[in-house]
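Analysis of the macromolecular model
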Amino acid sequence: VVKVFRRFSGANVFTTEFIPAPSLNDILEMQQQFPRQLQAWYESNEISLKKVGRRLLESYLRQLCEEPEFDRHHVLLLRKNRIALVGIRSARSLHRSFRSTYAMFLLSMARGDSAKAADCLFLLCDSLPPIDLTEAKREVAAALRNYSARVRLFPAQPDEKSLCQLFREILLVLERHQIHVGWQFLDVQLGWSKLDESLRLAIPEENMLKRIQGYFE
């Protein structure tokens, strides 16, 4: 927890301790420019990217009800695979019904129940058009089944493993059928999109469905 210096804080200034650690955004930039030096830094600080990536994923799942706007600029990487959240601009809560339905959507998806996951997805939408949703449900379920099959592949391209990419495909299906999700779903999706690049670096071959199922169970 970041220490706050109340003596030097006021209505317009919030002063906290300085943490000498790089942000995830710094790590991603260093990976492009100085990969060998970065690897040496990992080793000297006892950092396992796989452990960090799994911790990030579990942290985001846990924070969905508090801070869905994940931003890699505000996540610092510390020694021994620890992470610190700093500079959080706001803390918001998702509606209780949305939280429970979204959790059921993720768990159904992880368990391979694509039909139930599609039903949960429709419940997350603000409103549904007065049309037969059978075709839309079939396309959503197909996208989920395709992801479930390719997430087990090894080796695989990052897009094949990416949860964010899957959710983008699903949103395109909904858009084709004129089904509109609400701001809460989009807010959570924004968090997934900001987390995605860090997960691609840390755990590019991870079976995300297995990790999600492990989190809930």
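Everything that follows concerns the structure shown earlier in this document.
All of the points below concern the structure found in this document. (Residues numbered from 1 in each chain as written. Predicted model: local features only at pLDDT ≥ 70, side-chain atom pairs only at ≥ 80, totals over all residues. Heavy atoms only, no water.)

**Concerning the pattern of salt bridges**
Under the counting rule described, the total for this entry stands at eleven salt bridges. Through salt bridges with shared partners, one network takes in Arg54, Glu58, Glu206 and Arg211. (Salt bridge = Lys/Arg side-chain N within 4 Å of Asp/Glu carboxyl O.)

**A word on helix α6 (residues 134-150)**
Given a rise of 1.5 Å per residue, 17 residues ought to cover 24 Å, and the 24 Å separating the end C-alpha atoms of α6 matches this to within 8%. Looking at the buried side of α6, the elements it contacts are α4 (96-111), α5 (114-123), α7 (158-161), α8 (163-176) and α10 (208-216). (Helix = DSSP H or I, 4+ residues; strand = E, 2+ residues; numbered from the N terminus. Expected span 1.5 Å × (residues − 1). Contact = heavy atoms within 4.5 Å.)

**As for the side chain of glutamate 139**
Residue position: glutamate 139 is located in helix α6. In this structure the side chain of glutamate 139 is engaged in a polar contact, spanning 3.2 Å, whose partner is the side chain of histidine 177. Not counting chain neighbours up to four residues away, the residues in contact with glutamate 139 comprise Val173, Arg176 and His177. (Polar contact = N/O pair within 3.5 Å; in protein donor to acceptor, adjacent residues only side chain to side chain.)

**Quick word on unusual backbone geometry**
The peptide bond linking phenylalanine 154 to proline 155 adopts the cis configuration, its omega dihedral lying at -5°. Here proline 155 is to be found in the loop between α6 and α7. In this structure, glutamate 46 takes a positive phi of about 55° despite not being glycine. On the secondary structure map, glutamate 46 appears in the loop between α2 (35-44) and α3 (49-63). Phi at glutamine 178 is positive, roughly 60°, even though this residue is not glycine. Following the sequence through the fold, glutamine 178 ends up in the loop between α8 and β4 (180-181). Take glutamine 178: its relative accessible area is 58%, and that puts it in the exposed class. (Buried < 20%, exposed > 50% of the residue type's maximum accessible area, 1.4 Å probe, protein only.)

**Describing the environment of leucine 195**
Mapped onto the elements, leucine 195 comes out in helix α9 (residues 183-202). Of the residues examined, leucine 195 reaches a relative accessible area of 0% and is grouped as buried. Taking the C-alpha atoms as reference, leucine 195 lies 21 Å from arginine 152; in sequence the two are 43 residues apart.

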